[in-house]
Amino acid sequence: MAQKPWGGRFKKGTHKLVEKFTASIDFDKRLYKEDIEGSIAHVKMLGKQGIISKQESQKIVKALEGIRGEIEKGKFPFKEELEDIHLNIEKRLIDKIGDIGGKLHTARSRNDQIALDERLYLRREISEILSMIKELAEDLLNLGEKNIEVIMPAYTHLQRAQPLLLSHYLLAHFEMLKRDRERYVDCLKRVNIMPLGAGAVAGTSFPIDREYVAELLNFPQVSRNSVDSISDRDFVLEFISISAILAMHLSRLSEEFILWSSKEFDFIDLGDEFTTGSSIMPQKRNPDVPELIRGKTGRVYGNLMALLTIMKGLPLSYNRDLQEDKEPMFDTVDTVKSSLQVLSEMMKHIKFKPENMRKALSKGFATATDLADYLARKGMPFRQAHEVTGKVVRYAEGKGRELTQLSISELKIFSNLFEEDVFDHITLEGSISSKKSYGGTAKENVLRMIQECKREIAKW
Ligand code: ARG
């Protein structure tokens, strides 16, 4: 049994089962880079403040860098009996340079150390997620620009509602991503706070310089209260919450692609690279990628529930329960990043089928609202226009025809306000180009909006 770094007050060794049960090294070894980065800043500060000698500080820094190299080369002897990443690294340090290594942990506790590691880690991951969001948003804009002529049915209640530009639809998803991005940028403010120096709970009697550590690690702010510094996991919770919203958005976009790639819709081709076959039905091409993005959203929601539940009844300050925050955090990072990445790649392979989208609009009276608007513009109260249009639709349906296939004399049976120009308003193009209200689907609006979004994204 390895000697525990905290073994002083114990007469007997830890039970094997307890060792296994309490160890987190299997998953928190992912934090090795942050742990070493934080330790190096800490030990530099100890040297600068004369808490340990300059030479000791330099020696420890060098050894820590060596340890980083060992881990990166896969040569580091991780040990379960040393519990976690912190103790594994510290023990290795002492093995390498002897007792001086034991000075690293002066004026520090694992409680503030882990809080620092997690903040360093999330900060890095959030900036990666931000650049992935940017890439996906660019994909949406590019597709929107390329397909500016494509008309599709907009749905409400999953019933064909009105003609829409596909680009306009894609820009709707851009808006969601823009908000997701804003949430991560905002979350970063609260992640980017330096907790080291809180010690175990009460601060430390050593003359530490927290500002200096913050400066070395590029934190704009140090935490203000030692108790809160080690108890707070709001920043992880916030990260998972906003990731749950992002995952929900990715899931909704995926859901569209799943529907659209079905034979029932047949609006897109996802491409061979992004579909898989069935082991029994030879004709099938399944949209597994968007299905899994949709499915994995459940993990992120689960992670959020897990951490909220872990935190709920915890008395201040540190409790070992907090060790359970890591797997939900890591899993959220992995899930969101892999979903963003694969979705972005898939977007580059999607082929739209404009003829089929158009065909879907040829049935279902998608321009009935435009017909009612036409009457309302000519002075008929909209409620009445709605009623009259309803009757026209019923009539056309009875004849098995579409609105554009009715003659002007047939339309006049329902209202004298109908004139030849009505047909300009109830074609798909006419309907779309009439939606000039700000935020509407008229082509000129959408083109302007694409340019605006491009200017925005250049600053992301
Ligand atoms: N592995 C621990 C965690 O993840 C590190 C902090 C341990 N602190 C303690 N007092 N046991 O939370």
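Residues numbered from 1 in each chain as written. Predicted model: local features only at pLDDT ≥ 70, side-chain atom pairs only at ≥ 80, totals over all residues. Heavy atoms only, no water.

Caption draft 1: Fine view of the overall build of the chain. Per the secondary structure count, the chain includes 19 helices and four strands. Relative to the globule expectation of 23 Å for 460 residues, the C-alpha radius of gyration of the chain, 31 Å, shows a markedly less compact shape. If you line up the chain on its principal axes, its C-alpha atoms span 100 × 50 × 40 Å. When each of the 460 residues of the chain is scored for burial, the buried share is 50%. Long-range contacts, defined as pairs at least 24 residues apart, comprise 75% of the intrachain contacts of the chain with a sequence gap of at least 6. In the chain, 71 side chains carry a positive charge and 69 a negative one; their mean positions are 2 Å apart. (Helix = DSSP H or I, 4+ residues; strand = E, 2+ residues; numbered from the N terminus. Rg over C-alpha atoms; globule rule 2.2 N^0.38 Å. Buried < 20%, exposed > 50% of the residue type's maximum accessible area, 1.4 Å probe, protein only. Contact = heavy atoms within 4.5 Å. Lys, Arg positive; Asp, Glu negative; His and termini not counted. Charge placed at Lys NZ, Arg CZ, Asp CG, Glu CD.)

Caption draft 2: Summary view of the site of the ligand. Close to the ligand lie Ser24, Asp84, His86, Arg110, Asn111, Ile114, Tyr318, Arg320, Gln323 and Lys326, which account for all nearby residues. For the ligand, a nitrogen atom lies 3.0 Å from a polar atom in the side chain of Asn111. Between the ligand and Gln323 there is a distance of 2.9 Å, counted from a nitrogen atom to a side-chain nitrogen or oxygen. Look at the ligand: alone it shows 340 Å² of surface, and the protein chains cover 87% of it. Among the elements that take part in the shell around the ligand, helix α6 (residues 110-146) stands out by supplying three residues, more than any other. (Near = heavy atom within 4 Å. Polar contact = N/O pair within 3.5 Å; in protein donor to acceptor, adjacent residues only side chain to side chain. Areas by Shrake-Rupley, 256 points an atom, 1.4 Å probe, with all protein chains shown as cover.)

Caption draft 3: Structural detail: unusual backbone geometry. Here the residue pair Leu316 and Ser317 is connected by a cis peptide bond, since its omega of 5° sits within 30 degrees of zero. Turning to its location among the elements, Ser317 is positioned in the loop between α11 (288-312) and α12 (326-347). Here Glu83, not a glycine, exhibits a phi torsion of approximately 65°, which is positive. Position of Glu83 among the secondary structure elements: in the loop between α4 (54-72) and α5 (85-97). A relative accessible area of 6% means that Glu83 is categorised as buried.

Caption draft 4: Representation of the environment of Glu429. Of note, Glu429 is situated in helix α18 (residues 428-433). Sequence spacing of Glu429 and Ile151 is 278 residues, and the spatial spacing of their C-alpha atoms is 8.3 Å. Setting aside chain neighbours within four positions, we find Glu429 in contact with Ile151 and Arg358.

Caption draft 5: Structural context of α4. Compared with the 27 Å implied by 1.5 Å per residue over 19 residues, the 27 Å span of α4 between its first and last C-alpha is a close match. Among the residues making up α4, those that are buried are Glu56, Ser57, Ile60, Val61, Ala63, Leu64, Ile67, Gly69, Glu70 and Ile71. Tucked into the core, α4 has its buried residues touching α3 (32-48) and α5. Phi for Gly74, located one or two positions after α4, is positive at around 75°. (Expected span 1.5 Å × (residues − 1).)

Caption draft 6: Molecular detail of α6. Its 37 residues place the ends of α6 54 Å apart at the C-alpha level, agreeing with the 54 Å of an ideal helix rising 1.5 Å per residue. Residue Ser109 occupies the N-cap position of α6, its side-chain oxygen lying 2.8 Å from the main-chain nitrogen of Asn111.

Caption draft 7: Quick peek at a negative patch on the surface. The grouping of Asp26, Asp321, Glu324 and Glu327 at the surface amounts to a negative patch. Residue classification places Asp321 among the partly exposed residues on the basis of a relative accessible area of 37%. (Patch = residues over 30% accessible without salt bridge, like charges linked within 9 Å, V, L, I, M, F, W, Y side chains within 5 Å. Salt bridge = Lys/Arg side-chain N within 4 Å of Asp/Glu carboxyl O.)

Caption draft 8: Geometry of the pairing of strand β1 (residues 151-156). With six bridges connecting them, β1 and strand β2 (residues 159-165) associate as antiparallel partners. Directly across from Thr156, in β2, lies its bridge partner Gln159. Between β1 and the antiparallel strand that follows it, β2, lie two residues; His157 among them carries a positive phi value of about 55°. (Pairing = 2+ DSSP bridges.)

Caption draft 9: A look at the nonpolar core. Ranked by size, the top nonpolar core spans 78 residues in total, and within it Tyr184, Phe257 and Trp260 carry the most contacts. Beyond its immediate sequence surroundings of up to four residues, Phe257 is in contact with Ile268, Leu270, Leu343, Met346, Met347 and Ile350. In this structure, Ile40, Val43, Leu46 and Leu116 belong to the second largest nonpolar core, which totals 33 residues. (Core = buried A, V, L, I, M, F, W, Y, C linked by side-chain atoms within 4.5 Å.)

Caption draft 10: How the structure looks around the packing of helix α7 (residues 166-191) against helix α10 (residues 234-260). Interaxial distance between α7 and α10 falls to 9 Å at its minimum, and their mutual angle equals 165°. In terms of their interaxial angle, α7 and α10 are classed as roughly antiparallel. The crossing of α7 and α10 is left-handed. Considered class by class, the residues forming the contact of α7 with α10 number 15 nonpolar, three polar and six charged. (Axes fitted to C-alpha atoms, helices over the stretch in contact; angles between N-to-C directions. Parallel < 35°, antiparallel > 145°, perpendicular 65-115°, else oblique. Left-handed = near helix turned anticlockwise from the far one by under 90°. Nonpolar A, V, L, I, M, F, W, Y, C, P; charged D, E, K, R; others polar.)

Caption draft 11: View of the packing of aromatic side chains. In this structure the tally under the stated criterion is twelve aromatic pairs. Arranged with centres 5.5 Å apart and planes meeting at 70°, the rings of Tyr395 and Phe414 form a pair that is edge-to-face. Highlighted residues: Tyr395 in helix α15 (residues 382-399) and Phe414 in the loop between α16 (408-412) and α17 (422-425), separated in sequence by 19 residues. Taken together, Tyr155, Tyr169, Phe257, Trp260, Phe265 and Phe267 form an aromatic cluster joined through their ring pairs. Across the ring face of Phe10, the terminal group of Arg9 is positioned such that the distance to the ring centre comes to 5.9 Å. Geometry around Phe235 places Arg119 over its ring, the cationic atom sitting 3.9 Å from the centre. (Phe/Tyr/Trp six-rings, centres within 6.5 Å; stacked < 30°, edge-to-face > 60°. Lys NZ or Arg CZ within 6 Å of the ring centre and 35° of its normal.)

Caption draft 12: Fine view of the packing of α6 against α12. In contact at an axis separation of 9 Å, α6 and α12 are set at 20° when each is read in the N-to-C sense. Overall, the two elements α6 and α12 adopt an arrangement that is roughly parallel. In this structure, α6 crosses over α12, and the sense of that crossing is left-handed. Here the contact of α6 with α12 is composed, by residue class, of 16 nonpolar, two polar and seven charged.

So yeah, pure geometry; function would need other evidence.
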